[in-house]
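Structural features, examined
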Amino acid sequence: MDADELLERYYDVAAEGTTLLPFLRDVLAGRYGSVDRTTLVRFLDRLELIILGNIDVKREEVAGADADAALEATRAEFAQARALVADFKSPPDA
């Protein structure tokens, strides 16, 4: 599975209400097949850029939006996600 496929999977489960960390834990547990650390990092990099970009757009569209809190929460969530990935041992066949 590559980063694009992982991103598509994430969008599917996010539409059902699953957030990043539970999704990532499922990925790390092998629920969606084998994946390596490089793919996971690429996925997180792309998703973080997308989400932070969306927050910036909202900040421009809606005066008084609490974008700073959203940015802080997003960065904290991605820091947790990156820590999970850093501890992940890629399967030999990934």
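Here the structure is shown first, and the text comes after it.
This report concerns the structure included in the present document.

A few words on the packing of aromatic side chains. Evaluation of the coordinates by the stated rule reveals five aromatic pairs. Their ring planes at 65 degrees and their centres at 5.4 Å tell us that Tyr 10 and Phe 23 sit as a pair that is edge-to-face. With Tyr 10 in helix α1 (residues 3–15) and Phe 23 in helix α2 (residues 20–28), this pair connects stretches of sequence that are 13 residues apart. Residue Phe 23 is classed as buried on the basis of its relative accessible area of 0%. Measuring from ring centre to ring centre gives 6.1 Å for Tyr 10 and Phe 43, while their planes differ by 65 degrees; the resulting arrangement is edge-to-face. Note that Tyr 10 is positioned in helix α1 and Phe 43 in helix α3 (residues 37–61), a separation of 33 residues in sequence.

Counting 20 residues, the largest nonpolar core has Leu 20, Phe 23, Leu 40 and Phe 43 as the members making the most contacts within it. Of all the secondary-structure elements, those providing two or more residues to this core are α1, α2, α3 and α4 (67–87).

Right, let's talk about the side chain of Thr 39 for a bit. Tracing the backbone through its elements, the reader meets Thr 39 in helix α3. Excluding residues within four positions of it along the chain, Thr 39 makes contact with Met 1, Asp 2, Ala 3 and Leu 6.

With that settled, the discussion passes to the side chain of Thr 74. Topologically, Thr 74 is positioned in helix α4. Using a relative accessible area of 10% as the deciding quantity, one classes Thr 74 as buried. For Thr 74, the residues in contact, after removing those within four places along its chain, are Ile 51, Leu 52 and Ile 55.

What follows is about the packing of α3 against α4. Running from N to C, α3 and α4 point in directions that differ by 180 degrees, and their axes come no closer than 11 Å. In terms of axis orientation, α3 runs roughly antiparallel to α4. Along the contact surface, α3 presents Arg 37, Leu 40, Val 41, Leu 44, Asp 45, Leu 47, Glu 48, Ile 51, Leu 52, Ile 55 and Arg 59, while α4 presents Ala 67, Asp 68, Ala 70, Leu 71, Thr 74, Phe 78, Ala 81, Arg 82, Val 85, Ala 86 and Asp 87.

Rules of the game
- Residues numbered from 1 in each chain as written.
- Predicted model: local features only at pLDDT ≥ 70, side-chain atom pairs only at ≥ 80, totals over all residues.
- Heavy atoms only, no water.
- Phe/Tyr/Trp six-rings, centres within 6.5 Å; stacked < 30°, edge-to-face > 60°.
- Helix = DSSP H or I, 4+ residues; strand = E, 2+ residues; numbered from the N terminus.
- Buried < 20%, exposed > 50% of the residue type's maximum accessible area, 1.4 Å probe, protein only.
- Core = buried A, V, L, I, M, F, W, Y, C linked by side-chain atoms within 4.5 Å.
- Contact = heavy atoms within 4.5 Å.
- Axes fitted to C-alpha atoms, helices over the stretch in contact; angles between N-to-C directions.
- Parallel < 35°, antiparallel > 145°, perpendicular 65-115°, else oblique.

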